[in-house]
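# Architecture at a glance
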Amino acid sequence: MESTVPELPEVETVRKGLLTHAVGRTILQARQLHPRGLSPKSISGLSAIEGAKIIDVRRRGKFLWFVLDRPLVLAAHLGMSGQFLINPADLRHTRASFRIRKGLKTSELHFKDQRTFGWVSVEETRDGIPTCVQAIAPDIFESAYDQGAVIANIKRRKVSIKTAILNQNIVSGIGNIYADESLWLAKVHPEKIAENMNTKDISRVLESAKEVMLKAIEVGGTSFDELYINVNGESGYFDIALNAYGQEGKPCPRCGTLIRRIKFANRSSHFCPKCQRR
Ligand SMILES: [Zn+2]
């Protein structure tokens, strides 16, 4: 299996964990422990959020942000391997640490990231959205998501449908795994050109994306550990049954034809050549 990165369901599960383990706490100390732990776009060092209380944790696509009781947020992106952990025994790969307290109970919240593509960042907001998220389109689960507008946007594109749904400026949160799974469920070939597709087929792709990600969120929600806010450790992904992604050479669960893998736009795409015709 090629390397996997957290997608919307994994990030949503992290957010839910943070709602339980971080919201309502005051940040006593915030420390950057690796040069790449803090985004170069951060408007200040982490000490700017010391003393702040965490009011909420929000998400758009794969971006998270901690809402504070001051006009700044702590934004975060898990990159390829980021995790938030409470009181970890193993301190390797910690890029930033936060001592948080509620009442008499003090905990250490660690941002760990082996591959260092993830980051945290102190940012301002506009209309409640951090600077780094301004250009990111709403994801399928947000009230701000407008499916009609997204379909119209996709229909204007001369790119493949897969490239379109991976574009975070059109709809956010869909990565390579859930894109392949959504296209398989919708019976749409990944290389179909977006502008040649009808509204009904594009709509089915988006509805399928919602369905597969919702299923993954449900799985993630049941696999919590007391200590681990995040469950995307070694394997990176929840234990969900994949129908297409990574299934090259295995029978399609719908028709038995062998799943194929093709490479375009620097990515692998997995699909059933019978169910998903060009
Ligand atoms: Zn099939």
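One structure accompanies this document, and this report is about it.

Calculation rules
- Residues numbered from 1 in each chain as written.
- Predicted model: local features only at pLDDT ≥ 70, side-chain atom pairs only at ≥ 80, totals over all residues.
- Heavy atoms only, no water.
- Helix = DSSP H or I, 4+ residues; strand = E, 2+ residues; numbered from the N terminus.
- Rg over C-alpha atoms; globule rule 2.2 N^0.38 Å.
- Buried < 20%, exposed > 50% of the residue type's maximum accessible area, 1.4 Å probe, protein only.
- Pairing = 2+ DSSP bridges.
- Axes fitted to C-alpha atoms, helices over the stretch in contact; angles between N-to-C directions.
- Arc of directions from axis to C-beta.
- Polar contact = N/O pair within 3.5 Å; in protein donor to acceptor, adjacent residues only side chain to side chain.
- Donors = N, O, S within 2.8 Å, 3.2 Å for Na, K, Ca; no water.
- Tetrahedral: all angles 85-135°; square planar, octahedral: opposite > 155°, others 65-115°.
- Contact = heavy atoms within 4.5 Å.
- Salt bridge = Lys/Arg side-chain N within 4 Å of Asp/Glu carboxyl O.

With that settled, the discussion passes to the overall build of the protein chain. Of the regular secondary structure elements, the protein chain holds five helices and 12 strands. Computed over its C-alpha atoms, the radius of gyration of the protein chain comes to 20 Å, within 12% of the 19 Å expected for a compact globule of 278 residues. Overall, the protein chain is about 60 × 35 × 30 Å in size when its C-alpha atoms are taken along their principal axes. Residue burial in the protein chain is summarised as follows: out of 278 residues, 53% are buried.

Once that is clear, we can look at the sheet that holds strand β6 (residues 94-102). Judged by pairing direction, the sheet is antiparallel, and its four strands sit side by side in the order β1-β6-β7-β5 without closing on themselves. Looking at which strands have only one partner, the edges of the open sheet turn out to be β1 (26-32) and β5 (82-86). On average, each strand axis in the sheet is inclined to that of its neighbour by 15°, with strand direction left out of account.

Listed in full, the buried residues belonging to helix α2 (residues 147-155) are Q147, V150, I151, N153 and I154. Seen along its axis, α2 keeps its buried residues to an arc of 160°; they face one direction. Of the residues that open α2, the one with a side-chain oxygen 3.2 Å from the backbone nitrogen of G148 is D146.

Here we come to the coordination of the zinc ion. Ligation of the zinc ion by protein atoms is provided by C252 (SG), C255 (SG), C272 (SG) and C275 (SG), these donors lying 2.2 to 2.4 Å from the ion. One way to put it: the four donor atoms around the zinc ion meet at angles of 98 to 116°, and that makes the site tetrahedral. Mapped onto the sequence, the donors of the zinc ion take the spacing C-x2-C-x16-C-x2-C. Judged by its relative accessible area of 0%, C272 falls in the buried class.

A few words now on the pairing of strand β11 (residues 260-264). As judged from the five bridges shared by β11 and strand β12 (residues 267-271), these two strands associate in the antiparallel manner. Looking at the pairing, F264 lines up with R267 of β12. Hairpin geometry of β11 and β12 is characterised by an intervening segment of two residues between the two adjacent antiparallel strands and by a positive phi of about 50° at A265.

Right, let's talk about the environment of R260 for a bit. For R260, the position within the fold is in strand β11. Given a relative accessible area of 43%, R260 falls into the partly exposed group. Distance from R260 to L214, taken between C-alpha atoms, is 25 Å for residues 46 residues apart in sequence. For R260, the residues in contact, after removing those within four places along its chain, are S269, H270, F271 and P273.

For the rest of this paragraph, the subject is the pairing of β5. Burial of β5 is extensive: five of the five residues sit out of reach of the surface. The alternating pattern of β5 places G82, F84 and I86 on one face and Q83 and L85 on the opposite face, and all of these are buried. Relative to strand β7 (residues 105-113), β5 is paired through five bridges, and the arrangement is antiparallel. Bridge pairing in β7 places Q83 opposite K112.

With that settled, the discussion passes to the pattern of salt bridges. Enumeration according to the criterion identifies 12 salt bridges in this entry. Where R59 meets E12, a salt bridge forms, and the shortest distance between an N and an O atom there is 2.7 Å. Within this pair, whereas R59 is found in strand β2 (residues 54-60), its partner E12 is found in helix α1 (residues 8-21), the two being separated by 47 residues in sequence. Residue classification places R59 among the buried residues on the basis of a relative accessible area of 12%. Given a relative accessible area of 9%, E12 falls into the buried group. A salt bridge links D180 to K162, with the shortest nitrogen-to-oxygen separation between them at 2.7 Å. With a gap of 18 residues between them, D180 in helix α4 (residues 176-186) and K162 in helix α3 (residues 161-166) connect regions that are remote in the sequence. With respect to burial, D180 and K162 carry one shared label: buried.

This part is about the sheet that holds strand β4 (residues 73-77). Reading across the sheet, the four strands line up as β2-β3-β4-β8 and stay open at both edges, with antiparallel pairing between neighbours. Strands with a single pairing partner mark the edges of an open sheet, and in this sheet they are β2 and β8 (119-123). Neighbour-to-neighbour, the strand axes of the sheet open up by a mean angle of 20°, direction not taken into account. With five bridges connecting them, strand β3 (residues 63-68) and β4 associate as antiparallel partners. What sits directly across from L64, in β4, is A76. Against the sheet, α1 makes contact with β2 and β3, and its axis sits at roughly 175° relative to β2, the strand it touches most.

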